[in-house]
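Secondary and tertiary structure notes
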Amino acid sequence: MDFLFQSILNGILAGCIYALFAMGLTLIYGVLNFVNFAHGELIMWGAYFLYFLMGKPFGLPLPIALIPALLLTILLGIGMDRFVFKPLRTANRLTLLIAALGLSFLLRNGAQFLWGAELRTYGFEIKRGLRILGISITLNQVAIILTSIVCIVFVYLLFHRSRLGKSMRAVSDNLELARVVGVDSKHAIQFAWVIASVLAGVSGILLALDTNLQPGMGLINLVKAFAATLLGGVGNIWGALLGGIVIGLAENLGVLVISPGYKDAIAFGIMVLMLLIRPSALLGRQE
Amino acid sequence: MDLFLHLCVMIIIYIIFAMSLNLEVGYTGLFNFGHIAFFGIGAYTSALLTLQQVPFELSLLIALAMAGIWGFLLSIPSLRLRGDYFGIVTLGFGEIIRMVFQNEVWLTKGPMGLPGIPKPILFSYRFATLPQYLLLTLGFAALTFLILRIILRSPFGRVLRAIREDEVAAEALGKNVFFFRIKSFVIGSLFAGLAGTLWGHYTTFISPGDFTLLETILVLLIVVLGGKGTEWGPVLGAFVLIFFQESLRFLRLPAEWTRYLAPLQQMIFGGLLIVLMIFRPEGLLKEKGRVSNAGN
Amino acid sequence: MLEIKGLSKSFGGIHAVSNCSLGLKDYVITGLIGPNGSGKTTLFNLITGSIPPDKGEIYFRGNRIDGHLPYKVAQHGIIRTFQLTRIFPKMTVLENMLLAPLHQTGEILWSLWVKRRRIRDEEKAYRERALGLIETVGLSHLKDQFAENLSYGQQKLLELGRAFMADPKMILLDEPTAGINPSLIRKIMELILKMKESGKIFFIIEHNMGVIIELCDWVFVLDNGEKIAEGKPKEIQNDPRVIEAYLGV
């Protein structure tokens, strides 16, 4: 029974991280109407930026290295948009997606070039966790949950209480109309990238804290982020949150019954299941 | 000389692989980013069967069938989706298949791979040496080219292109878009399986690490660089890229460099894809059709 | 030919089409008018199967077609054009035309190997007919151009020609004269009248009353998703309800 609760906790933990992935992904989808295939790499680079700043020659402790790491991630996100996606704003969908895929590949191998393909960690020893009600939870994991909550609250405030948030929602609803009405779409878009990058960076760091760093961590998490997005309804940021938690739980409870080698496939399986059962929710209208 | 022949074999295998993707992406407008899965299914199926002494003719047919069947199974739930969604699903599928190759050790020997794949014996003729294998692949490539050409130049192929251009209009003209897409996808998967089979028997050793996103990116690059939606595009693209990829392998470089060289080469591929899409998305060969100013 | 009973469709809280009943029988060219947002295009979409109705039935030549997928509706012999022309951009004018005929043997995969001669003959026949129609609509000099290179007016002609090529029993035209110059409008009207002679039934959404009056034998008027009037064009013009609908909006 303890084992079950432990799995549930792990599931919620992973779910929080996936929720942040999905929220970032769906934000960009909502504002620019395409699935950023390179989002996984934004996540991955966020994690590596921190690693870079914590290592030689900077050697900064985590709390201090965090801000510059996120700033670098934001830079990367805005750069992605400026150099790859903006020139293709009016191109056809296939062209855009192929470019995004190429970008993802470029970034992934960039990381491999700089840091190699071996698994790396931030170097915190695994301290023994507190035992509450028979479940073990480490300080790391508490940090993960708290950070996720902070991020989620922040996003909420941003979206529903700020003017920029309103602009973003307007742009995501109808880009043409927003432009005509004078909503500053350019800034709204940039802002969306900033937020998405922060979410990606934070979630990448949390993931690396919980597991490890490797250049390939982007791709499989893209699929999971996407599955979570689908579950919650594409473009719906709170749906993405919920979807993330569900996927996290499904993964950790799922490995109780199926082989752990397929843990990463569970998200995919859920996605396929959704497609079979409720395709109407996902049929995008052809433009 | 051997290097030259090796290059030719690799190029031709990738031509087949690229032609199969071109059918799906270039002609039908399907965003298949997991095409390597079917290449791998073909390779593993034929390898496993021939290792069990099943004659090559049969192994090949079964490998093709497996690739086609899995193409069918994947497409049923996902082909009604809009482009990006379908793209992610196929991407995910590619990863899942790789996981299957990796985890089902009882079947595929997992990460250790399958060594000693026998050379094919087709109609009592054994294609063991390099020139013989070149002949074999050339024959299959020509066959593939002809079959696909017949399909693409037919009314069926016309409908595929119409679907790519505007599926709503195609549907309004009475074409069952879903069925056409499925057929296109299955045929594409089938020929990808063929390419995979030929590749497996050529390298005689396959492992899950051979069927990753890199290969999908490579074949995608070949198709778009060469010119998607054209008959000779995949051929041209394969020549250019495989030549680049393989010849790098044969430069005698110090061992420490390879750690950096592989990701660097792949960064170039990624970057090339981006640059291509921004500056020349049609690729090298454009689709036929007079583009002169129509005026009024 | 076409019989609609009690058709309704809502999007969210908006009743795009409410309890609409109408029939197209022997009237060969029927018009559908109404202020913007009255549900005309939605009605077309319901007929062609692009969207499923919430309530009601649609019969075409005795067969029930509501809720059918668009390709099935088309196969019943109903072809439509779109408000914003939907031609196939990177295909030539000729190819656009050749796509139109239904049930082409060459579109069936297996037939490519076993019915080669039949396909060849069919293609030849289609090609001849297509070239004839291209000539009729006046696009002969553009037959090998990519459709995306045509002007808006030329694309409208192409879409019309393609609809004719499909040899349908009924053609739904969604604003066929929108956004084009008067001489082209005249040309399109002539084409429609010519096709009427060969027995095709037309159902036309139009804002241009001049076109409606000249072409149509009967007109239906929609307002807010409901049918508020029907009759001969001249009668409709003077119907107070219709006038109010257009002015009141």
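Residues numbered from 1 in each chain as written. Chains lettered and ligands numbered in written order. Predicted model: local features only at pLDDT ≥ 70, side-chain atom pairs only at ≥ 80, totals over all residues.

1. Quick word on the overall build of chain B
Convention followed: Only DSSP runs of H or I covering at least 4 residues are called helices, and only runs of E covering at least 2 are called strands; the numbering of each starts at the N terminus. We call a residue exposed when 12 or fewer other C-beta atoms sit within 10 Å of its C-beta, buried when the count reaches 20 or more, and partly exposed for counts in between; the C-beta positions come from the backbone. In this description, any two residues whose backbone-derived C-beta atoms lie within 7 Å of each other are considered to be in contact.
A tally of helices and strands in chain B yields twelve helices and two strands. Projected onto the principal axes, the alpha-carbon positions of chain B cover approximately 65 × 40 × 35 Å. When each of the 296 residues of chain B is scored for burial, the buried share is 56%. Relative to all contacts within chain B whose residues are 6 or more apart in sequence, the contacts with residues 24 or more apart total 79%.

2. A few points about the overall build of chain A
A count of helical and extended segments in chain A gives eleven helices and two strands. Going from N to C terminus, chain A has its helices and strands arranged as α-α-α-α-β-β-α-α-α-α-α-α-α. Looking at chain A as a whole, 49% of its 287 residues qualify as buried. When contacts within chain A are restricted to residue pairs at least 6 apart in sequence, those whose partners lie at least 24 apart make up 75%.

3. Some remarks on the interface of chain A and chain B
What counts here: Think of it as three bins: nonpolar holds Ala, Val, Leu, Ile, Met, Phe, Trp, Tyr, Cys and Pro, charged holds Asp, Glu, Lys and Arg, and polar takes everything else, Gly as well.
Each partner contributes residues to the interface: chain A has 41 residues there, and chain B has 41 residues. Breaking the side of chain A that touches chain B down by element, the ones donating at least two residues are α4 (93-115), α9 (217-232) and α11 (263-277) of chain A. Counting residues per element, the side of chain A that touches chain B draws most heavily on α4 of chain A, which supplies 15 residues. Across the side of chain A that touches chain B, the residue classes break down as 29 nonpolar, ten polar and two charged.

4. Describing the arrangement of the chains
If you rank the two pairs of chains in contact by how many contacts each has, first place goes to chains A and B. At no point do chain A and chain C touch; the closest pair of C-alpha atoms across them sits 11 Å apart.

5. A closer look at the interface of chain C and chain B
Contacts between chain C and chain B engage 30 residues on the former and 27 residues on the latter. Where the side of chain C that touches chain B is concerned, the elements lending two or more residues are α2 (70-75) and α3 (93-98) of chain C. Of all the elements, α2 of chain C adds the most residues to the side of chain C that touches chain B, at four residues. Residues of the side of chain C that touches chain B, tallied by class, amount to 16 nonpolar, eight polar and six charged.

6. Structural notes on the pairing of strand β1 (residues 2-11) of chain C
Residues and elements named next belong to chain C. Heads up, the rule is: Think of it this way: DSSP has to see at least two bridges between two strands before they count as a pair.
Sheet topology places β1 next to strand β4 (residues 55-60); five bridges connect them, and they run antiparallel. Residue pairing for β4: E3 is matched across the bridge by Y59. Bridge count between β1 and strand β2 (residues 14-24): seven bridges; the pairing is antiparallel. Bridge pairing links L7 to C20 in β2.

7. Let's talk about helix α2 (residues 36-51) of chain B
Residues and elements named next belong to chain B. Test applied: In a helix, the anticipated span is given by 1.5 Å times the number of residues less one.
The end-to-end C-alpha distance of α2, which contains 16 residues, comes to 22 Å, matching closely the 22 Å that a straight helix rising 1.5 Å per residue would cover. Extensive coverage of α2 is indicated by the burial of 15 of its 16 residues. Phi turns positive, to about 65°, at Q53, one or two residues after α2.

8. Here we look at unusual backbone geometry
Phi at T204 of chain B is positive, roughly 60°, even though this residue is not glycine. Position of T204 of chain B among the secondary structure elements: in the loop between α9 (177-203) and α10 (213-226). A positive phi angle, near 45°, is found at N19 of chain C, a position not held by glycine. N19 of chain C sits in the partly exposed class, given 14 other C-beta atoms within 10 Å.

9. Describing the sheet that holds strand β6 (residues 78-80) of chain C
Residue and element names in this part refer to chain C. What counts, and what does not: Axis lines are fitted to C-alpha atoms, over the contacting stretch for helices. Their N-to-C directions set the angle, which ranges from 0 to 180 degrees.
In spatial order, the strands read β6-β7-β8-β3-β9-β10; together these six strands make up an open sheet with mixed pairing. Each having just a single partner strand, β6 and β10 (226-231) make up the two edges of the open sheet. Averaged over all neighbouring strand pairs, the angle between strand axes comes to 20°, with direction disregarded. Inspection of the sheet shows strand β7 (residues 170-174) paired to strand β8 (residues 201-205) by five bridges, in the parallel sense. Directly across from L173, in β8, lies its bridge partner I204.

10. What to know about the packing of helix α3 (residues 62-85) of chain A against helix α8 (residues 185-210) of chain A
Residue and element names in this part refer to chain A. Short version of the rule: Roughly parallel means an angle under 35 degrees; roughly antiparallel, over 145; roughly perpendicular, 65 to 115; everything else is oblique. By the definition used in this description, the sense in which the near helix is turned from the far one sets the handedness, with an anticlockwise turn below a right angle giving left-handed and a clockwise turn giving right-handed.
In contact at an axis separation of 8 Å, α3 and α8 are set at 130° when each is read in the N-to-C sense. Between α3 and α8, the angle is such that the two are oblique. When you trace α3 past α8, the crossing you get is right-handed. Contact residues: A69, L70, T73, I74, L76, G77, I78 and D81 in α3; Q190, W193, V194, A196, S197, V198, A200, G201 and V202 in α8.

11. Some words on the packing of helix α5 (residues 139-161) of chain A against α8 of chain A
For any two helices packed against each other, one specifies the inter-axial angle together with the distance between the axes. Residues and elements named next belong to chain A. Two elements in contact, α5 and α8, have axes separated by 10 Å at closest approach and are oriented at 170°. Judged on the interaxial angle alone, α8 and α5 are roughly antiparallel. Listed contacts from α8 to N140, I144, T147, C151 and L158 of α5 are I195, L199, V202, L206, L209 and D210. In the contact of α5 with α8, the residues fall into eight nonpolar, two polar and one charged.

12. Thoughts on the sheet that holds β4 of chain C
Residue and element names in this part refer to chain C. With antiparallel pairing, four strands are arranged side by side in an open sheet as β2-β1-β4-β5. Where the open sheet ends on each side, the last strands, each with one partner, are β2 and β5 (63-64). As paired strands, β4 and β5 are joined by two bridges and run antiparallel to one another. From the neighbouring strand, Y59 faces β5, where its bridge partner is R64. Helix α1 (residues 40-48) rests against β1, β2 and β4 of the sheet, and its axis sits at about 65° to β2.

Spatial relationships are all this shows, so hold off on functional conclusions.
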